[in-house]
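Notes for the structure review
Given next are the chains, with one letter for each unit.
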Amino acid sequence: MEKKAYKLVLILLVLSSVFSCGAERKQKLPILGRQEFKEVNGTLDTIFHTIPDFSFVDQDSVTVTHETFEGKIYVADFFFGTCPTICPIMKQQMLRVYESFKDNPDFAILSHTIDPEHDTVAYLKDFSLRLGIPDNSVWKFVTGVQDEIYEIGSANGYLVPVGEDQDAPGGFIHSGAFILIDQEKRIRGIYDGTKPIEVGALINDIPKLLAEYEQ
Amino acid sequence: MSSRDLKSGNWTLGVGSLKLIFVSLAMLLLYACGGTGEKSDNENVQSRLTTDDLKMFAVGQQLYKRYCINCHMENGEGLGKLIPPLKNSDYLLNDVLRSSRVIKYGLKGPIEINGQSYNQPMPANPDLTPFEILELLVYISNAWGNESDVLSLEEIENHLKSN
């Protein structure tokens, strides 16, 4: 009887090691955000939450809009250059994402400053160069009208809190989230960009999302 | 009945085995999928520093995690050309005492570290006591392969008061 118990342990161990780390490439990522249902010709159509149209300017003075990401998936985040708290670690972690996928033409990163008054185009260029990002081909650091940046971060856009807060260190409050957006502008994942393990999950999920668009 | 006793005995064994299974599974999941292993940065510190200094090193590490790690990173390497490294930093190691004022009062304007110019403002930490700053300095000037003599509390107190 005792032997049987140990056999069972052994079998379970082997099984768990097989399943716990298996990359389930075929598994689809969820579609996040509030859904609406519309009746079209007698059938119910699901309308998913999508990122509204936008227009910002990147570190190379190029206008970046929703059309820039046509045929691409991208990861979005919010930061500000003089942030004394979570931004540096977010950027360190976003560099991991960048290094993993920078050669994929269907992938991009969109970092919004939430302090456009300080973080001008020239500042963002210097910031990105110092980070080791040579140009705007993959990773776009954008600035724009403050209200529009806050709006796109809100419940109408990326579903993350951003805004001014005099009590917060550095004067701004913002989330450390990395938001994964698909080609249809739908949110497919929200990850804590300050936690290496969650960013590891994002790096795992990006190929799954890319695979959805492969023929 | 002996067979019944045996059965109940087996049942006890079963609970024990179940526990063993759960523990083994949990351990396996932890190890099998764990990402980067944490590297100890105080291997040779143990032999170099005295027991009292090691205490300050250990508390300094905790303070580092609270006040510094977001920018200077766990490995002390900073971030690109934005945030300077503490590891192998000539700016730090050539004048450890100088950094006590940097920690307490912050720093603005360009500085050069290991031949590279950096220009990101560092926030002040006015709430840190001179002893906490000492503990932090013991840590950052002896972690990640850094080596430096341990300063005295008087030196730091005097330097903080100077201009």
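A quick note: this is a predicted structure, and the numbers were derived from the prediction, not measured.

**Let's talk about the overall build of chain B**
- When helices and strands are tallied, chain B shows 8 helices and 2 strands.
- In chain B, the order of α-helices and β-strands from amino to carboxyl end is α-α-α-α-α-α-β-β-α-α.
- For chain B, with 163 residues in total, the buried portion stands at 36%.
- Considering only contacts within chain B whose residues lie at least 6 apart along the sequence, 58% involve residues at least 24 apart.
- Counting only carbon and sulfur atoms, one obtains 55% of the accessible surface of chain B, whose full area is about 9,900 Å².

**Describing the layout of surface pockets**
- Within this model, the second largest pocket holds a volume of roughly 920 Å³.
- Lining the second largest pocket are 46 residues, and of these Cys71, His72, Pro121, Met122 and Pro123 of chain B lie nearest its centre.
- For the lining of the second largest pocket, the secondary structure elements donating two or more residues are helix H2 (87-101) of chain A together with helix H3 (51-67), helix H4 (69-72), helix H5 (90-93), helix H6 (98-105), strand S1 (111-113) and helix H7 (130-140) of chain B.
- The residue makeup of the lining of the second largest pocket, split by class, is 32 nonpolar, 11 polar and 3 charged.

**Details of the packing of H6 of chain B against helix H8 (residues 153-161) of chain B**
All names here are of chain B.
- The geometry of H6 relative to H8 is characterised by a closest axis approach of 9 Å and an angle of 60° between their N-to-C directions. If you check the angle between H6 and H8, you find them oblique. The hand of the H6/H8 crossing is right-handed. In this structure, H6 uses Arg98, Ser100, Arg101, Lys104 and Tyr105 to contact H8, whose residues at the interface are Ile156, His159, Leu160 and Lys161.
- Along the lines of polarity and charge, the residues of the contact of H6 with H8 split into 3 nonpolar, 2 polar and 4 charged.

**Let's talk about the packing of aromatic side chains**
Residues and elements named next belong to chain A.
- Evaluation of the coordinates by the stated rule reveals 15 aromatic pairs over all chains.
- Ring geometry for Phe54 versus Phe69: centroids 6.3 Å apart, planes at 45°, classification tilted. Highlighted residues: Phe54 in the loop between strand S2 (43-47) and strand S3 (55-57) and Phe69 in the loop between strand S4 (63-65) and strand S5 (73-79), separated in sequence by 15 residues. By the burial criterion, Phe54 is buried, and Phe69 matches it.
- On the basis of an interplanar angle of 80° and a centroid distance of 6.0 Å, the ring pair of Phe79 and Phe141 is categorised as edge-to-face. Placement of the pair is Phe79 in strand S5 and Phe141 in strand S7 (residues 139-142), with a sequence separation of 62 residues. The same class applies to Phe79 and to Phe141, which are both buried.
- Ring pairing ties together the aromatic residues Phe79, Tyr98, Tyr123, Phe127, Trp139 and Phe141, which thus form one cluster.
- The cationic tip of Lys91 hangs over the ring face of Phe79; the distance from NZ or CZ to the ring centre is 4.4 Å.
- Here the basic side chain of Arg186 rests over the ring of Phe48, its NZ or CZ set 5.6 Å away from the ring centre.

**Regarding the pairing of strand S11 (residues 187-192) of chain A**
All names here are of chain A.
- For strand S10 (residues 177-181) and S11, the ladder comprises 5 bridges, and the chain directions are antiparallel. Across the sheet, the residue bridging to Ala177 is Asp192, located in S11.
- In this antiparallel pair of consecutive strands, S10 and S11, the connection spans 5 residues, and Lys185 shows a positive phi of 65°.

**Section: the sheet that holds S5 of chain A**
Residues and elements named next belong to chain A.
- Ordered in space as S7-S6-S5-S10-S11, the 5 strands form an open sheet in which the pairing is mixed. Every other strand in the sheet has two partners, leaving S7 and S11 as the edge strands with one partner each. Across this sheet, the average inter-strand angle for adjacent strands is 20°, counted without regard to direction.

**Quick word on the packing of H6 of chain B against H7 of chain B**
Residue and element names in this part refer to chain B.
- One can describe the packing of H6 onto H7 by two numbers: an axis separation of 10 Å at closest approach and a directional angle of 120°. Between H6 and H7, the angle is such that the two are oblique. Classified by chirality, the crossing of H7 by H6 is right-handed. Here Ser99, Ser100, Ile103 and Lys104 of H6 lie close against H7, whose contacting residues are Ile133, Leu136 and Leu137.
- The residue makeup of the contact of H6 with H7, split by class, is 4 nonpolar, 2 polar and 1 charged.

**Describing the nonpolar core**
- Of all hydrophobic cores here, the largest spans 61 residues; its most connected members are Phe54, Tyr74, Tyr158 and Ile206 of chain A.
- The element that contributes the greatest number of residues to this core is H2 of chain A, accounting for 8 residues.
- Residue contacts for Phe54 of chain A: discarding those within four places in its chain leaves Val64, Thr65, His66, Phe69, Tyr74, Leu110, Ile152 and Tyr158 of chain A.
- The next biggest cluster of nonpolar side chains, apart from the first, holds 25 residues, and it includes Met56, Ile103, Val138 and Tyr139 of chain B.

**A short note on helix H5 (residues 196-212) of chain A**
Residues and elements named next belong to chain A.
- Given a rise of 1.5 Å per residue, 17 residues ought to cover 24 Å, and the 25 Å separating the end C-alpha atoms of H5 matches this to within 8%.
- Within H5, burial applies to Val199, Gly200, Leu202, Ile203, Asp205, Ile206, Lys208, Leu209 and Leu210.
- The elements touched by buried residues of H5 are S5, H2, strand S6 (107-113), S10 and S11.

**What to know about the pattern of salt bridges**
Residues and elements named next belong to chain A.
- Under the defined criterion, the tally for this structure stands at 12 salt bridges over all chains.
- Between Lys125 and Asp60 there is a salt bridge; the shortest N-O distance is 2.8 Å. Taken as a pair, Lys125 in helix H3 (residues 121-131) and Asp60 in the loop between S3 and S4 lie far apart in primary sequence, 65 residues in all.
- Overlapping salt bridges bring together Asp182, Glu184, Arg186, Arg188 and Glu212 as one network.

What counts as what
Residues numbered from 1 in each chain as written. Chains lettered and ligands numbered in written order. Predicted model: local features only at pLDDT ≥ 70, side-chain atom pairs only at ≥ 80, totals over all residues. Heavy atoms only, no water. Helix = DSSP H or I, 4+ residues; strand = E, 2+ residues; numbered from the N terminus. Buried < 20%, exposed > 50% of the residue type's maximum accessible area, 1.4 Å probe, protein only. Contact = heavy atoms within 4.5 Å. Areas by Shrake-Rupley, 256 points an atom, 1.4 Å probe, with all protein chains shown as cover. 1 Å grid on protein atoms, 1.4 Å probe; cavity = no way out; pocket = protein on both sides within 12 Å on 5 of 7 lines; lining within 4 Å. Points joined across faces, edges and corners; volume = space filled by probe spheres on them. Nonpolar A, V, L, I, M, F, W, Y, C, P; charged D, E, K, R; others polar. Axes fitted to C-alpha atoms, helices over the stretch in contact; angles between N-to-C directions. Parallel < 35°, antiparallel > 145°, perpendicular 65-115°, else oblique. Left-handed = near helix turned anticlockwise from the far one by under 90°. Phe/Tyr/Trp six-rings, centres within 6.5 Å; stacked < 30°, edge-to-face > 60°. Lys NZ or Arg CZ within 6 Å of the ring centre and 35° of its normal. Pairing = 2+ DSSP bridges. Core = buried A, V, L, I, M, F, W, Y, C linked by side-chain atoms within 4.5 Å. Expected span 1.5 Å × (residues − 1). Salt bridge = Lys/Arg side-chain N within 4 Å of Asp/Glu carboxyl O.

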